Amino acid sequence: MTTVFRNFIAGEFVAAEKAAPNLNPSNTADVIGEYAQGSVEDLKAAVAAAKAAFPAWSRSTPQERYEVLKKASDEVLARKDELGRLLSREEGKTLAEGIGEATRAGQILAFFAGEAVRLNGELVNSVRPGVGIEVTREPVGVVGLITPWNFPIAIPAWKLAPALAYGNTVVIKPADLVPGSAWALVDILNRAGLPKGVLNLVMGRGSVVGQAMLEHPDVAAISFTGSVATGRRVAAACVAATPMKKVQLEMGGKNPLVVLDDADLAVAVECAANGSYFSTGQRCTASSRLIVTEGIHDRFVDALTERLKGLVVDDALKAGTHIGPVVDESQLGQDEKYIAIGRDEGAKLHWGGERLNRDTPGFYLQPALFTGVSNDMRIAREEIFGPVAAVLRVKSYDEALAVANDTDFGLASGICTTSLKHATHFKRNSDAGMVMVNLPTAGVDYHVPFGGRKGSSYGPREQGAYAREFYTTVKTSYTLA
C-alpha cells in the first residue's frame with residue numbers, strides 16, 4: 001500500500017481531506033507516496049499554532065535553540081545517503097547530487113545552531129549626557145516559508161534554520177512537486193525537540209495554501225523562492241496586507257559565463273558544462289548564457305560539444321548517470337517550447353535538444369546547445385530553467401562585460417580567464433550578486449550571503465550571518481541613568 005504523509009500542525013501529524021501522489025520523474029510508475037493537500041483551514045490552524053508558540057519560543061535560550069538545530073543536523077548528516085536518495089527520487093537530480101544536497105542541509109543546520117548562540121547587540125554612547133543606548137535584535141514573529149522544487153531539502157533548510165535559530169515560529173509550504181524531502185526535514189526537526197507549534201508544515205497548492213499564507217494577518221514575514229512572476233505577486237500581497245509583511249524574494253536568473261581568449265580551455269568547458277547542464281539545468285544560478293570572445297569561440301564550442309556527447313542522461317538513481325530527467329511533463333514542455341523559439345528566432349541548435357527514451361518512463365531531455373545567438377533573442381533573455389544554453393560570440397572583453405550586464409536579472413555571473421586584470425575588473429563591474437572566477441556559476445557556500453540584484457532578488461540576503469537581517473528586527477532602547 002502507498003504511504004500517506006500528513007501535514008504537521010501544532011506538534012501533530014494531521015490528515016487532510018485530499019492527498020496527491022509524489023511521482024519519480026525518472027520512472028513515473030514509481031509512486032513515492034501520497035502527500036496531503038492542505039486547505040485554507042489547515043493553513044489557518046498552522047498559523048494559530050505558530051502564533052500561540054511564539055511567546056515561549058522567542059524567549060527560549062540560545063542554548064535551547066542550538067541543541068535542537070545541532071541534533072537535527074546530526075541526524076540529517078547520519079542519514080544523508082537515505083535522504084539524498086529520496087531527494088533524487090522525487091526531484092530527478094543524480095544520486096550524487098542528491099546526497100550532496102542532503103549533506104549541505106545538515107551543514108546549514110549546524111551553522112545556524114552556532115548562530116543561535118552568536119547573536120549579539122550593541123551598547124552605544126548617546127549624544128546626551130546620562131543616557132545609555134542598547135541596540136538589540138528580536139525575532140519578527142510567525143514566518144511563512146514558500147520553497148521551490150529544484151532544491152527540495154537545501155532551500156527548506158536554509159530558510160528554516162535561521163528562522164528557528166533567531167526565535168521565530170514557522171509555517172512552511174514546500175513545492176507541490178517535491179513534498180517528500182521537506183516532510184522528512186520537518187519530521188527530523190520535530191523529533192530534535194521543538195516545542196509544539198514552533199514548526200508547522202502545510203503541503204498543497206500554492207494557489208490555496210500559499211495564497212492563504214499571504215493573506216493571513218498573523219503571518220509577519222514571508223520568505224519566497226520561485227519564479228519572478230509569482231515573486232511579484234508575493235511582494236504585492238505583502239505590501240497590501242494589513243499589517244504589512246516583511247518580504248524576502250529569491251527569483252530567477254539568466255546568468256552569464258564569460259570566456260575570454262586567454263582562458264584555460266579545459267577549465268572553461270568544465271565550468272560551462274557543470275554550470276549549464278548539471279542538475280538538468282534546473283538551478284537559478286545556471287550558466288544559460290555563454291559569452292565567448294572570437295579568438296577562442298570555435299575551439300570552445302567544439303570542446304563543449306564533445307563534453308556534452310560524453311554526458312549520460314538516464315535514471316537519476318542509476319550509477320554512471322550525469323544528468324537526470326526534467327522534473328515533470330510541464331517543465332519538459334517549457335524546455336521544448338524554448339528550443340523551438342530559439343530555432344524560430346534564427347539561432348542554430350548546434351547539438352542536442354531531443355526528447356529521449358530510457359528503460360523507464362520519464363522526462364528525459366538531451367542537453368541543448370545553441371550557437372549564433374544574439375542577446376535580444378528570447379532564449380538569451382528569458383529564464384528557461386532546463387538543460388539549454390546559448391553561446392553568444394563577442395569581439396572583446398568590454399563587449400563581453402556589456403552583454404553580460406544587459407539582462408533583467410542579476411543573480412550570478414562568471415568569467416574564465418587567466419588575466420588578473422580582467423578577473424579583477426569583472427568582479428567589480430559585473431551587475432550580479434555573486435561572481436565566480438574560473439568556477440561554475442552554480443555552486444555556492446552555505447556560510448556566506450546568497451542573492452542577487454535587479455529581477456533576481458528582493459529584500460535581505462539569505463544564508464550566512466546575513467540571514468539575521470530578514471529573520472530579526474532591530475530595537476533601539478534608551479535609558480536615563
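Q: Could you clarify how one ought to interpret the overall build of the protein in this entry?
A: The helix and strand inventory of the protein stands at 15 helices and 25 strands. In terms of overall dimensions, the protein is globule-like: its C-alpha atoms have a radius of gyration of 23 Å, near the 23 Å expected for 481 residues. Here the protein holds 481 residues, and 57% of them are scored as buried. Of the contacts made within the protein by residues no fewer than 6 positions apart, 74% connect residues no fewer than 24 positions apart. Accessible surface for the protein amounts to roughly 19200 Å². Of this, 52% is attributable to carbon and sulfur atoms.

Q: I would appreciate a short explanation of the nonpolar core in the present structure.
A: For soluble globular proteins, nonpolar side chains are generally found buried alongside one another. Phe112 and Leu189 are the most contacted members of the largest nonpolar core, which totals 65 residues. Sort the elements by how many residues they give to this core and helix 5 (residues 154–165) lands first, with nine residues. Discounting chain neighbours no more than four positions away, the residues touching phenylalanine 112 are Leu69, Ala161, Pro162, Ala165, Tyr166, Gln463, Gly464 and Ala467. Residues Val373, Leu401, Ala404 and Phe426 belong to the second largest nonpolar core, which totals 30 residues.

Q: Is there a simple way to explain a negative patch on the surface in this structure?
A: Residues Asp261, Asp262, Glu294 and Glu399 make up a contiguous surface patch of negative charge. Here glutamate 399 lies in helix 13 (residues 397–405). By relative accessible area, glutamate 399 is classed as partly exposed at 31%.

Q: Can you help me understand the sheet that holds strand 25 (residues 472–480) in this one?
A: On the basis of which strands lie adjacent, the open sheet formed by three strands has the order 6-7-25 and antiparallel pairing. Because the sheet does not close on itself, it has two edges, and the strands there are strand 6 (122–125) and strand 25. Averaged over all pairs of adjacent strands, the angle between strand axes in this sheet comes to 25 degrees, irrespective of strand direction. The pairing of strand 6 with strand 7 (residues 131–139) spans four bridges and is classified as antiparallel. Bridged to valine 124 within strand 7 is isoleucine 133.

Q: Got a minute to help me understand the sheet that holds strand 13 (residues 255–259) in this structure?
A: Strands pair in a sheet through their backbones, by hydrogen bonds, and they do so in one of two ways: parallel or antiparallel. Across the sheet, which stays open at both edges, the seven strands sit in the order 15-18-19-14-13-21-22 with mixed pairing between neighbours. At either end of the open sheet lies a strand with only one pairing partner, and these are strand 15 (348–351) and strand 22 (434–437). Pairs of neighbouring strands in the sheet enclose a mean axial angle of 25 degrees, with direction left out of account. Relative to strand 21 (residues 412–416), strand 13 runs parallel, the two sharing three bridges. In the strand pairing of strand 21, valine 259 is matched with cysteine 416. Contacts between helix 11 (residues 329–345) and the sheet are confined to strand 15, strand 18 (368–371) and strand 19 (388–394), with strand 18 contributing the most and set at about 20 degrees to the helix.

Q: Teacher, can you tell me more about the packing of helix 5 against helix 6 (residues 179–191) here?
A: For any two helices packed against each other, the geometry comes down to the angle between their axes and how far apart the axes lie. Here helix 5 crosses helix 6 at 25 degrees, and the two axes come no closer than 11 Å. Considering their axes alone, helix 5 and helix 6 lie roughly parallel with respect to each other. Of the two elements, helix 5 crosses helix 6, and the hand of that crossing is right-handed. From helix 5, Pro156, Ala157, Leu160 and Leu164 reach across to helix 6, where they touch Ala182, Leu185 and Leu189. Its residues assigned to classes, the contact of helix 5 with helix 6 shows seven nonpolar, no polar and no charged.

Q: It is not clear to me how the packing of aromatic side chains should be interpreted in this structure. Could you clarify?
A: The relation between two aromatic rings is expressed through the spacing of the ring centres and the mutual angle of the planes. One pass over the full model with this rule turns up nine aromatic pairs. Judged by centre distance (4.8 Å) and plane angle (55 degrees), the rings of phenylalanine 8 and phenylalanine 13 are tilted. Judged by its relative accessible area of 3%, phenylalanine 8 falls in the buried class. Lysine 93 extends its terminal NZ or CZ atom over the ring of phenylalanine 151, reaching a point 3.7 Å from the ring centre. Over the aromatic face of phenylalanine 111 sits the side chain of arginine 118, whose NZ or CZ is 5.5 Å from the ring centroid.

Q: Explain the pattern of salt bridges here, please?
A: Two side chains of opposite charge can pair, provided their charged atoms sit close to one another. Summed over the entire model, instances satisfying the criterion amount to 25 salt bridges. The partner of lysine 159 in a salt bridge is glutamate 462, with the nearest N and O atoms 2.9 Å apart. Within this pair, whereas lysine 159 is found in helix 5, its partner glutamate 462 is found in the loop between strand 24 (457–458) and helix 15 (468–471), the two being separated by 303 residues in sequence. Judged by relative accessible area, which is 0%, lysine 159 ranks as buried. Judged by its relative accessible area of 1%, glutamate 462 is buried. Where arginine 393 meets aspartate 298, a salt bridge forms, and the shortest distance between an N and an O atom there is 3.2 Å. Note that arginine 393 is positioned in strand 19 and aspartate 298 in helix 10 (residues 294–309), a separation of 95 residues in sequence. One connected set of salt bridges, linked through shared partners, spans Glu75, Arg79, Glu82, Asp187 and Arg191.

Q: What should I look at first to understand the pairing of strand 9 (residues 169–173) in this one?
A: Consecutive side chains along a regular strand alternate between the two faces of the sheet. Within strand 9, five of the five residues are buried, which leaves it mostly tucked inside the rest of the structure. Relative to strand 9, strand 8 (residues 142–146) runs parallel, the two being bridged by five bridges. Among the inter-strand pairings, leucine 145 is bridged to a residue of strand 9, identified as isoleucine 172. Between the parallel elements strand 8 and strand 9, the chain passes through helix 5 in a crossover that is right-handed. In the sheet, strand 9 pairs with strand 10 (residues 199–201) via three bridges, with the strands oriented parallel. Each residue of the ladder has a partner; that of valine 171, found in strand 10, is asparagine 200. Note that the unit made of strand 9, helix 6 and strand 10 has a crossover that is right-handed.

Q: How should I be thinking about helix 10 in this particular structure?
A: Each turn of an α-helix holds 3.6 residues, which means side chains three or four residues apart point in the same direction. An ideal rise of 1.5 Å per residue puts 22 Å on 16 residues; helix 10 measures up with 23 Å between its terminal C-alpha atoms. Along helix 10, the sharpest change in direction is near 25 degrees and occurs at phenylalanine 300.

Rules of the game
- Residues numbered from 1 in each chain as written.
- Predicted model: local features only at pLDDT ≥ 70, side-chain atom pairs only at ≥ 80, totals over all residues.
- Heavy atoms only, no water.
- Helix = DSSP H or I, 4+ residues; strand = E, 2+ residues; numbered from the N terminus.
- Rg over C-alpha atoms; globule rule 2.2 N^0.38 Å.
- Buried < 20%, exposed > 50% of the residue type's maximum accessible area, 1.4 Å probe, protein only.
- Contact = heavy atoms within 4.5 Å.
- Areas by Shrake-Rupley, 256 points an atom, 1.4 Å probe, with all protein chains shown as cover.
- Core = buried A, V, L, I, M, F, W, Y, C linked by side-chain atoms within 4.5 Å.
- Patch = residues over 30% accessible without salt bridge, like charges linked within 9 Å, V, L, I, M, F, W, Y side chains within 5 Å.
- Salt bridge = Lys/Arg side-chain N within 4 Å of Asp/Glu carboxyl O.
- Lys, Arg positive; Asp, Glu negative; His and termini not counted.
- Charge placed at Lys NZ, Arg CZ, Asp CG, Glu CD.
- Pairing = 2+ DSSP bridges.
- Axes fitted to C-alpha atoms, helices over the stretch in contact; angles between N-to-C directions.
- Parallel < 35°, antiparallel > 145°, perpendicular 65-115°, else oblique.
- Left-handed = near helix turned anticlockwise from the far one by under 90°.
- Nonpolar A, V, L, I, M, F, W, Y, C, P; charged D, E, K, R; others polar.
- Phe/Tyr/Trp six-rings, centres within 6.5 Å; stacked < 30°, edge-to-face > 60°.
- Lys NZ or Arg CZ within 6 Å of the ring centre and 35° of its normal.
- Right-handed = clockwise from strand over helix to strand, strands pointing away.
- Expected span 1.5 Å × (residues − 1).
- Bend = angle between axes of the 7 residues up to and from the residue.

Scope: geometric values only; no functional claims are made or implied.
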